[in-house]
Amino acid sequence: IFMRTLFALLISLSFFVSSDDHSPEEKAVLAAHAKYYAARTDRDFATMVSMESSTGVYETYSDGSFHKPGRTWSLEDYESNFPVGTSNIYFAEANKVANGAYYVRFYYEGVNGENNAPYRTRVTETWVKEMGSWKRKTSHFSSAAYGGVHQTSKSDFED
């Protein structure tokens, strides 16, 4: 009986461990997310526009301004308004919230502006499936400066 119980327990645990793998759909969302932010870094505005919801993107920025209404950005909008600087994504994760919709959260950090000011923010987004492709629908950037400019350290990400 002990061996059967142990066997059943091990089988049960292996099910939970294997079910913790990321689904192909989740991987596809994270791949789309990475492609979008690589396009931001490369200033590839055509790719950015193609990866945003055709009905507009609802955004909130980390500068303390009010929420932005749903807006469909054009190539020309990005060319004339996109900030100078570079930022990197850290610890992106995606969670399914409904069929065809994922909640993605990550840290976004780098330098912004012509004066190369350090930039660190937490970001949450909604990615939705439109016409067979994953599109960015919402973005909420919230300052992660913790009362001032914060330089990332290893301990920030330890439990």
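Every residue gets a number counted from 1 within its own chain, in the order that chain's sequence is written. Totals for whole chains, interfaces and linings use every residue, but because this is a predicted model, local features are given only for residues with pLDDT of at least 70 and side-chain atom pairs only at 80 or more, for both listing and counting. Computation of side-chain values: all heavy atoms of the structure, hydrogens and water removed.

## Digging into the pattern of salt bridges
- In what follows, salt bridge is the name for a side-chain nitrogen of Lys or Arg lying within 4 Å of a carboxyl oxygen of Asp or Glu. Counted according to the given criterion, the structure contains 7 salt bridges.
- Across the pair Lys-96 and Glu-25 runs a salt bridge, and its minimum N-O distance is 3.5 Å. Note that Lys-96 is positioned in strand β3 (residues 85–98) and Glu-25 in helix α2 (residues 24–42), a separation of 71 residues in sequence.
- Residue burial is assigned from relative accessible area. The probe radius is 1.4 Å, only protein chains are included, and a residue is buried under 20% of its type maximum, exposed over 50%, and partly exposed in between. Owing to a relative accessible area of 25%, Glu-25 belongs among the partly exposed residues under this scheme. Put simply, DSSP marks the helices as runs of H or I at least four residues long and the strands as runs of E at least two long, and each gets a number from the N terminus on.

## Observations regarding α2
- Here the expected span of a helix is defined as 1.5 Å times the quantity of residues minus one. Its 19 residues give α2 an end-to-end C-alpha distance of 27 Å, which sits within 8% of 27 Å, the value for a rise of 1.5 Å per residue.
- Within the sequence span of α2, burial applies to Glu-26, Val-29, Ala-32, His-33, Tyr-36, Tyr-37, Ala-39 and Arg-40. The arc that holds every buried residue of α2, seen down its axis, measures 150°, which confines them to one face. Exposed residues lying more than 90 degrees from the buried face of α2 are Pro-24, Lys-27, Lys-35 and Asp-42.
- Contacts are assigned to residue pairs with any non-hydrogen atoms lying within 4.5 Å of each other. Buried residues in α2 make contact with α3 (45–50), α4 (75–81), β3, β4 (101–112), β5 (117–130) and β6 (133–143).
- Trailing α2 by a residue or two, Arg-43 shows a phi angle of about 60°, which is positive. For this quantity, the arc is that covered by the directions from the helix axis to the C-beta atoms.

## What about the nonpolar core?
- In this structure, Val-29, Tyr-36, Tyr-37, Met-48, Tyr-78, Tyr-108 and Trp-127 are the most contacted members of the largest nonpolar core, which totals 21 residues.
- Residue assignment for this core shows that the elements contributing at least two residues are α2, α3, β4, β5 and β6.
- If you tally residues by element for this core, the top one is α2, at 5 residues.
- With residues up to four places along the chain from it excluded, the contact list for Trp-127 reads Val-29, Ala-32, His-33, Tyr-36, Met-51, Gly-100, Ala-101, Tyr-102, Val-104, Trp-134, Lys-135 and Arg-136. Side-chain atoms within 4.5 Å link the members of a nonpolar core, which is a set of buried Ala, Val, Leu, Ile, Met, Phe, Trp, Tyr and Cys residues.

## As for the confidence of the model for the protein
- On a scale of 0 to 100, pLDDT captures the predictor's confidence in every residue. For the protein, the average pLDDT comes to 81, and 75% of its residues sit at 70 or higher.
- Within the protein, helix α1 (residues 2–18) has the poorest average pLDDT of any element, 46, and α3 the best, 96.
- In the predicted structure, residues 9–20 sits below a pLDDT of 50 and forms 0 contacts with residues beyond four places in sequence or in another chain.

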